Amino acid sequence: MRARQLVCGIWSLCFMFCLFCIFLHQTTAKRKLKFVSVVFRHGDHTPQEFFPTDKHKQAGRQQGYGQLTKLGIQQQYELGQYMRRRYSYFLSVVYKQCEIYVQSTDCDYTLTSAQASLAGLYPPTQDQIWNPGILWQPIPVHTVPLSHDRLLYLPFSHCPKYNELLRETFATRDFQRQLKQYRPFLKVLATHTGYPLKKLNTERIWKLSDTLQHEDINNYTVPVWATRGVRTKLTKLLELLLQAEFGFHKQIQKSRLQGGALLKTILKHISDARKPSHQRKMVMYSAHAATIAALQMALNVFNGKLPPYSACHFFELYQEKNGQYTIEMYYRNNTQRDPHPLTLPGCKFRCPLERFTQLVSPVLLHYWTRECRMKILTKSSQEVSLFYEEEVSRGQLNNLLKASELLSERVFSISNNQNVSSRACSSPRELKPKKNFTSPAAVPPLLKVQPDVWAVQPEQLLELQSLFSSSARMGVIWLPNPSRILCFSFPITLLLLQRTTAERELKFVVAVFRHGDRTPVVNFPTDLHKESEWPQGFGQLTKTGMQQLFELGQYMRERYSSFLNSTYNRHEFYIQSTDYDRTIMSAQSYLSGLFPPTSSQIWNPELLWQPIPVHVIQKSTDQTLNFPLRDCPRFDELQNETQTSSEFQSRIQPYMEFLQTMAVNTGLELNHLKILDNFQLWNTYDTLHCEGIHNFTLPVWATEDVIHKMEKLAELALLSLFGIYKTEEKSRLQGGVLVNIILNSIKQAANSSKQRKMEVYSAHDTTVGALQIALNIFNGKLPPYAACQFFELYQESSGQVSSYVCKNKECLESGSPFPQIIFLSNILLFKNLFKNTFSMLFIRRYSIEMHYRNDSSKTPYLLTLPGCTSSCPLEKFAELVSPVITENWSKECGKKDKMKDIFIGFDIAVGLLFIFDLVLLYLLYHYGRCRRRNNYQDI
């Protein structure tokens, strides 16, 4: 009995101790951080525009407009380091793609700001160091084209309702009263800057303030009139205009159309973070001062001050001890102190999530397009002038701009002072919808084949002009004497000798490469290894892949050392990627090898890397690189026909027994394996290939012979996608689209004086395969990791015989600014003597060479387009590839116009309703009570 009591006592003590531990845990448990959303402004950047009287224009052109400076890179790097310290207990020490997602506006300085912040947030450690000489690792930054950005690129000026509210705001008495005190100041600015007074709108004032701030920060000599007081007053005016854009008048309605869109997305991420299966811990947005101002105005926490460079707004989601979720907000606008806590009006600092959502619900909307009152096709709204003076209508302006753009492609320009620099990022206030020439159906006729390329160097033209009298330039017939002939022919002979002895010159390069080594995209049912065994998950670039692309960048630096600048120049170089982590990271790794920072570009001596913008094509709108292009009914029909064609069946029949064995070994259905274009067999081979590279244990049945046969079937799958059956028609719908884009870029480089020297595309094996099949140069092998296809445009020496001679009438019709010089070859006795001479002087011959690098240990293979030579004349190249270029991709795809169908359906519905009404009225009249009434006889 006593023993039983003793045991019971011990159990009671244990039970009480457990209860005490549970109580102690509950009372001492900490609230838990669950999710963070960050919105920051970019770092210091070069001006987007210099005012007319600015003395630093030339320095600005050299650096490039709208480019992140070394100071800006350092600011963002320190912001990343601050976030690493702040969330060291929350974020993993090593980068994990499932934990963080980064999005930026498609502007150079915001893209590079995001990269610099990530460099500070995730310095590579231990196993993530892929290059000991560069303590940096690529991390994807996603973006969408500015024309499609309805999240970060504020204000959304293509919203008619918002523009109506903006006009109302500028007309209010309160705004006009506050603006009145700045009117004399605006006149002073107009006098000193060289801007017309009526052109000093919100956008110009913003850019002017930006320019003066940049020059002051970077120790440029500021104009005498731009005193500290003037700059302070300019900032105050800008803050007034910023408040007018997002508040001041009908603030809630404006916020619904502007900052509320971003707030709604952030709340969606916060809501998703409560799910147990949710792995993402942070979403980061790299944007602009207007983005932060619009967001804070929507939250009603804006302090009225212009957000400085690297200003950052934090949203932190916490799970409290009782399980309730709360939101805290912080604003970091000073690196010398901790972020300011922000309290949402109507709530406490630690605001319950439900209460927070309830309070901000008035600025959240579900149908932005409907509330904006946008039509199916809308033009940009007119810029609201602060002085309401009559200006050219935006419709007329668009027509003029369109005409000038088209004309500029045809008219030859010889001005030495031509401003060839373009903006790194147009403001949303001045952004106009443009035709996207990268889409397959939007290539204007003027950018099509132009085989007759001719031009003359400006300095040569000046020499030629000095040879002729005014009478000759006016077309007056004059008789030559021996001295005139000698004086005239000697300079021409020297010029001709110079041109004939000159070597061919590289003018432009296009490169399309496959991403580097990656983890498998998917595993098969019987695979021995799961996604969790790969540190970064499926479809992610590995350290080997980073090194492969870094070496490709180094190779291209060596290959084009005399062509590209040693330092990065955005005017010369442009890179684009598909919207996949592995291709974005491949592009970043490639750039680290191509443009290592040198001398003035070194911003951190301990980190020999610099951020360079990688532009991304959104998956849903990618009609350029992500092959096979989807949403093409005709291509789907061709694929079905291919599977049953004799050409395909004859190639796959020898593998039927092997496919049956593979179905048993992999757990996949035989019918699915037979259809090669569904990627199941291809992905299975790819998985085994990746596992073999990274020394994973392969299944017993995965012998060398089996993997070799699977590789052959994968090659057949690629070939069946874009070739084998009706190859030309498939190419028009697939690889020919990219051929057309590349050809247009090459022709623009030949026809214009733009500075761009290289365009690069980071994509996939299907991209390289589709491109090569369309060009009929495919070798039948799967493009390996980091495989690269080069297109090189050369200007040939004029000593070669040209296949084209510029005729007088044609030159006149093409818009030559100096047709009288062309006519000189027809002036009496000089006609026969100088006809060929002038033809060779004025005509530029271009040729294209193609190279394919699929083995890093060998020199790239020189490829020859069938029907041409290895150095193929541009006009011949364009002629040979024309069969695979479509004029209207959507039409050839058999895509239906959804809006047209909607309108037709609407018209039919209205018509039927009208007929029903007529029938109903007829029945009511003939059989209703109104028909039978007896004219008040019953009264």
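Within each chain, residues carry numbers counting from 1 in the order of the written sequence. With the structure being a predicted model, the display of local features is reserved for residues of pLDDT at least 70 and the display and counting of side-chain atom pairs for 80 or more, all residues being used for whole-chain, interface and lining totals. Note that the side-chain values use all heavy atoms of the structure and ignore hydrogens as well as water.

Peer 1: Give me the overall build of the protein: which residues, what numbers.
Peer 2: Secondary structure is summarised from DSSP: a helix means a run of H or I of at least four residues, a strand means a run of E of at least two, and numbering begins at the N terminus for each. Helix and strand content of the protein: 36 helices and 16 strands. Counting the 939 residues in the protein, one finds 52% classified as buried. Here the contacts in the protein between residues at least 6 apart in sequence split such that 79% fall between residues at least 24 apart. The buried label applies to any residue whose accessible area, calculated with a 1.4 Å probe on protein chains only, is under 20% of its type's maximum; exposed applies above 50%, and partly exposed to all values in between. Note on contacts: a residue pair is in contact if any heavy atoms of the two residues lie within 4.5 Å.

Peer 1: Lay out the state of the cysteines in plain terms, naming residues and giving numbers.
Peer 2: Note on terminology: disulfide describes a covalent bond linking the sulfur atoms of two cysteines. Only a pair of cysteine sulfur atoms within 2.5 Å qualifies as a disulfide here. All told, the structure shown has four disulfides when counted by the stated rule. A sulfur-sulfur distance of 2.0 Å marks the disulfide that ties cysteine 159 to cysteine 372. Sign of the S-S torsion, about -105° for the bond between cysteine 159 and cysteine 372, identifies this disulfide as left-handed. Taken as a pair, cysteine 159 in the loop between strand E3 (142–143) and helix H5 (160–171) and cysteine 372 in helix H14 (residues 368–372) lie far apart in primary sequence, 213 residues in all. Of the two residues examined, cysteine 159 and cysteine 372, each falls in the buried class. Covalent S-S linkage joins cysteine 632 and cysteine 893, the inter-sulfur distance amounting to 2.0 Å. Its torsion about the S-S bond being -95°, the disulfide of cysteine 632 and cysteine 893 is classed as left-handed. Placement of the pair is cysteine 632 in the loop between strand E11 (615–617) and helix H21 (633–644) and cysteine 893 in helix H34 (residues 889–893), with a sequence separation of 261 residues. According to the relative accessible area criterion, cysteine 632 is buried, its value standing at 1%.

Peer 1: Give me the lowdown on helix H13 (residues 353–360), citing residues and values where you can.
Peer 2: Among the residues making up H13, those that are buried are Leu353, Phe356 and Val360. Down the axis, H13 shows its buried residues gathered within 60° of arc, on one side only. For this quantity, the arc is that covered by the directions from the helix axis to the C-beta atoms.

Peer 1: Lay out the pairing of strand E5 (residues 312–319) in plain terms, naming residues and giving numbers.
Peer 2: In terms of burial, E5 is largely enclosed, as seven of its eight residues are buried. When DSSP finds two or more bridges between two strands, those strands count as paired. By the bridge criterion, eight bridges tie strand E1 (residues 32–41) to E5 in an arrangement that is antiparallel. Within the sheet, the bridge partner assigned to valine 38 lies in E5 and is phenylalanine 314. One ladder, built from eight bridges, connects E5 with strand E6 (residues 325–332); its direction is antiparallel. Of the residues in E6, the one forming a bridge with tyrosine 318 is threonine 326. Turn length for the E5-E6 hairpin, with the two strands adjacent in sequence and antiparallel, is five residues, and the turn residue glycine 323 shows positive phi of about 90°.

Peer 1: Can you tell me about the nonpolar core, naming the residues and giving the values?
Peer 2: In plain words, nonpolar cores are sets of buried Ala, Val, Leu, Ile, Met, Phe, Trp, Tyr and Cys residues tied together by side-chain atoms within 4.5 Å. One finds Ile746, Leu775, Phe791, Met850, Phe877 and Val881 to be the most contacted residues of the largest nonpolar core, which totals 80 residues. Core analysis: the second largest hydrophobic core is formed by 45 residues, Leu165, Leu186, Leu189 and Trp368 among them.

Peer 1: Can you lay out the pattern of salt bridges for me, pointing to particular residues and giving the numbers?
Peer 2: Each salt bridge in this description consists of a side-chain nitrogen of Lys or Arg and a carboxyl oxygen of Asp or Glu lying within 4 Å of one another. Tallying each qualifying case throughout the model produces 30 salt bridges. As a salt-bridge pair, glutamate 99 and lysine 281 come within 3.6 Å of each other at their nearest N and O atoms. Of this pair, glutamate 99 sits in the loop between helix H3 (70–86) and strand E2 (100–104) while lysine 281 is found in the loop between helix H11 (259–272) and strand E4 (282–287), placing the two residues 182 residues apart along the sequence. Judged by its relative accessible area of 5%, glutamate 99 falls in the buried class. Residue lysine 281 is classed as partly exposed on the basis of its relative accessible area, which comes to 22%. In this structure, lysine 268 engages aspartate 272 in a salt bridge whose closest nitrogen and oxygen atoms are separated by 2.8 Å. With lysine 268 and aspartate 272 both in helix H11 and four residues apart, the pair spans about one turn of that helix.

Peer 1: Account for the packing of H11 against helix H12 (residues 289–299), with residues named and values stated.
Peer 2: At a minimum axis separation of 8 Å, H11 and H12 run at an interaxial angle of 80°. By the angle between their axes, H11 is roughly perpendicular relative to H12. From H11, Gly259, Gly260, Leu262, Leu263 and Ile266 reach across to H12, where they touch Thr291, Ala294, Leu295, Ala298 and Leu299. Polar here means any residue other than Ala, Val, Leu, Ile, Met, Phe, Trp, Tyr, Cys and Pro, which are nonpolar, and Asp, Glu, Lys and Arg, which are charged; Gly is therefore polar. Residue composition of the contact of H11 with H12, grouped by class: seven nonpolar, three polar and no charged. Throughout, an axis means a line fitted to C-alpha atoms (over the contacting stretch in the case of helices), and angles, computed between N-to-C directions, take values from 0 to 180 degrees. Any angle that falls under 35 degrees is termed roughly parallel, while one over 145 is termed roughly antiparallel, one within 65 to 115 roughly perpendicular, and all others oblique.

Peer 1: Just give me the short version of the packing of aromatic side chains, but keep the residues and values in it.
Peer 2: The pairing test for Phe, Tyr and Trp rings, Trp by its six-membered ring, is centres within 6.5 Å, and the orientation test on the planes gives stacked under 30 degrees, edge-to-face over 60, and tilted for anything in between. Counting across every chain of the model gives 23 aromatic pairs. A ring pair is formed by tryptophan 136 and tryptophan 609, whose centres lie 4.9 Å apart and whose planes are at 15°; its orientation type is stacked. Note that tryptophan 136 is positioned in the loop between helix H4 (108–121) and E3 and tryptophan 609 in the loop between helix H20 (581–594) and E11, a separation of 473 residues in sequence. As far as burial versus exposure is concerned, tryptophan 136 and tryptophan 609 are alike and both buried. Look at phenylalanine 175 and phenylalanine 248: their rings are 5.9 Å apart centre to centre, the planes differ by 85°, and that puts the pair in the edge-to-face class. Taken as a pair, phenylalanine 175 in helix H6 (residues 173–180) and phenylalanine 248 in the loop between helix H9 (228–246) and helix H10 (251–257) lie far apart in primary sequence, 73 residues in all. Taking the relative accessible area as the measure of exposure, phenylalanine 248 reaches 28% and is therefore partly exposed. Through a chain of ring-to-ring contacts, the aromatic side chains of Tyr77, Trp130, Trp136, Phe550, Trp603 and Trp609 assemble into a single cluster. Criterion for a charge above a ring: Arg CZ or Lys NZ at most 6 Å from the ring centre, at most 35 degrees from the ring normal. Residue placement shows arginine 86 over the ring face of tyrosine 330; its charged tip is 4.6 Å from the ring centre. Lying over the aromatic face of tyrosine 555, arginine 853 brings its terminal NZ or CZ to 4.5 Å of the ring centre.

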